[in-house]
Amino acid sequence: MKTELIIRSNSSDIDFALLKDGRLTALNNESNENKFSVGDVFLAKIGKVLSGLNASFVNVGYEKDGFLHYHDLGAQLKSLNKFIKGINTGKIKDYTLKNFQLEKDIDKNGSIADVLKTGQNLLVQIVKEPISTKGPRMSSEISIAGRYLVLVPFSDRVSVSQKIMDPEEKERLKRLIKSIKPKGFGVIIRTVAEDKKVADLDKDLQNSLERWVVMCKKIRNTRAPQTPIKVLSELNRASSILRDIFNDSFTSIVTNDETMYLETKEYLQEIAPEKESIVSLYNSKLPIFEKFGIERQIKTSFGRTVSMSKGAYLVIEHTEALHVIDVNSGNRSNKAMSQADTALEVNLIAASEIARQLQLRDMGGIIVVDFIDMHTAEHRQKLYDHLRNEMAFDRTKHKILPPSKFGLVQITRQRVRPELVIKTQEPNPSGLGEVEAPIVIIDKIEAELEKLITLKDHKKLVLNVHPFIAAYLKKGIPSIQHRWFAKYKKWIKILPRDAYQYLNFEFTNNKGELIE
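None of the values given here were measured: they were computed from a predicted structure.

Novice: Could you give an account of the sheet that holds strand 10 (residues 149-153), naming the residues involved and the relevant values?
Specialist: Taken together, four strands build an open sheet; the order of strands is 9-10-12-11 and the sheet is mixed. Looking at the sheet topology across the chains shown, the edges are occupied by strand 9 (144-145) and strand 11 (158-160). Pairing between strand 11 and strand 12 (residues 185-189): three bridges, direction parallel. Paired with Val 160 across the bridge in strand 12 is Ile 189. Strands in contact with helix 3 (residues 198-222) are strand 9, strand 10 and strand 12; relative to strand 10, the strand with the most contacts, it is inclined by about 40°.

Okay, here's the thing in structure tokens:
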């Protein structure tokens, strides 16, 4: 698989587009005004302590206070408080924890009022960015993520990612980490650590430990602030994305910003020096997202309706409580297949697209998918297994339930950032309301064309469209019309129709008879 990361930077924000074999699979935006990212650590003051919710609010400088539940305090809260107090008073000058005496863990079923007080300074980390009207979700169980490992202070536990399936490899990694990890720190071994050498793991561990020491020095210099202070920032978004998803399939990283270019090269020198050459600086008058076909994919992927191959499509609806996805076959028929086989085929295509859409839009919470009804247990199991395999590449925590007898599949997906919503409708050129982005019609035409040729085997086809669309299909060398000829070995005649509205089209035969 060919993987590319395209980075577009301007004065206000940065966009990251991840392409797999040219297909957009992830889109992230980082605003220069965003001061609250998952992983950031603050030295902040406790606000109201709410015994009824067993939680408290924390002022981290956002318009809405952060929310800290008792279960997110971490068992080592007393050790954390003792350590911070020792730094502020100057009694603790060695930040490696090798000589630090841990305190007793707090009761896992205790009350927040027994361990926190209003006005108290506490070290907290963002685990969920502000979403809608809610402030950030906080935790005082600090962790520092590296490329291969996650460092957890005040712990001694070593755990391995569940996605590493080989028991022998799990045991090897545990044994290696226990031999190199510093006293007073626990370690979570990430999936990408599989088959890595001890030197790579130790280098990553030392980098995370160095970030911890730098954070502690900043706490010492701030003493007891009256306003929240960010003492540890997550890596810039480009480095963060590369840290979490970079692998041998990456073939290029392209950016239009020189600073981002240098930062990315520098980070790759640390984690994969042999791949440094894949980073390039984009210099062209054509916008970078236009060059790589990303703008078009955004227009066709973020609407209420999402087209798929062979005429099928999804309808995606959003409510306050959940997301609903409806799978439609688009009146697709194939004489060579039974109705049950056709339903299964469309559902498998839809499952792949749904897995992509969840990651692309970063949809979280409860997702209910209404697949086309399947009446055999074997087909339902095939769909379930296929959806799980497609979702296996999703790094966000999720859970999938098997299809019900009604064909419904329920998915829960962790929500850590606001859902990515992009407006794809544009003002109607006729002046009445809004219409889909014109580029969407090309995908609809191609889906209908594929259905007519591959499923219904029509010999001669005439495409009737508005003159503007006809001109677009015929322009360039090769034009879209020529590409169709190369793909289907049939010449599709394009007939401009002045009477048609901009986004209307119809296929007829050479006698002018409508084909449905």
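Novice: Got a sec to walk through the pattern of salt bridges? Specific residues and values, please.
Specialist: Across all of its chains, the model carries 14 salt bridges by this definition. When the shortest N-O distance is used, the salt bridge between Arg 296 and Asp 443 registers 2.8 Å. Of this pair, Arg 296 sits in helix 7 (residues 294-301) while Asp 443 is found in helix 10 (residues 440-455), placing the two residues 147 residues apart along the sequence. Note that Asp 362 and Arg 413 form a salt bridge whose closest N and O atoms lie 3.1 Å from each other. With a gap of 51 residues between them, Asp 362 in the loop between helix 8 (339-361) and strand 19 (365-370) and Arg 413 in strand 21 (residues 408-413) connect regions that are remote in the sequence. Classification of Asp 362 by relative accessible area gives buried; the value is 16%. Because the salt bridges share partners, they merge into one network encompassing Arg 8, Asp 15 and Glu 295.

Novice: Provide a residue-level description of the packing of aromatic side chains, including the pertinent values.
Specialist: The relation between two aromatic rings is expressed through the spacing of the ring centres and the mutual angle of the planes. As enumerated under the stated definition, the model contains eleven aromatic pairs in all. Their ring planes at 55° and their centres at 6.4 Å tell us that Tyr 282 and Phe 292 sit as a pair that is tilted. One end of the pair, Tyr 282, is in the loop between strand 15 (279-281) and helix 6 (288-291); the other, Phe 292, is in the loop between helix 6 and helix 7, and ten residues separate them in sequence. Relative accessible area serves as the criterion here: at 24%, Phe 292 is assigned to the partly exposed category. An aromatic cluster is built from Phe 83, Phe 100, Phe 154, Phe 185 and Trp 212, whose rings are joined through pairwise contacts. Above the face of the Phe 289 ring, Arg 8 is positioned so that its terminal group lies 4.0 Å from the ring centre. Between the NZ or CZ atom of Lys 82 and the centre of the ring of Phe 100, over which it lies, the distance is 5.1 Å.

Thresholds applied
- Residues numbered from 1 in each chain as written.
- Predicted model: local features only at pLDDT ≥ 70, side-chain atom pairs only at ≥ 80, totals over all residues.
- Heavy atoms only, no water.
- Pairing = 2+ DSSP bridges.
- Helix = DSSP H or I, 4+ residues; strand = E, 2+ residues; numbered from the N terminus.
- Contact = heavy atoms within 4.5 Å.
- Axes fitted to C-alpha atoms, helices over the stretch in contact; angles between N-to-C directions.
- Salt bridge = Lys/Arg side-chain N within 4 Å of Asp/Glu carboxyl O.
- Buried < 20%, exposed > 50% of the residue type's maximum accessible area, 1.4 Å probe, protein only.
- Phe/Tyr/Trp six-rings, centres within 6.5 Å; stacked < 30°, edge-to-face > 60°.
- Lys NZ or Arg CZ within 6 Å of the ring centre and 35° of its normal.

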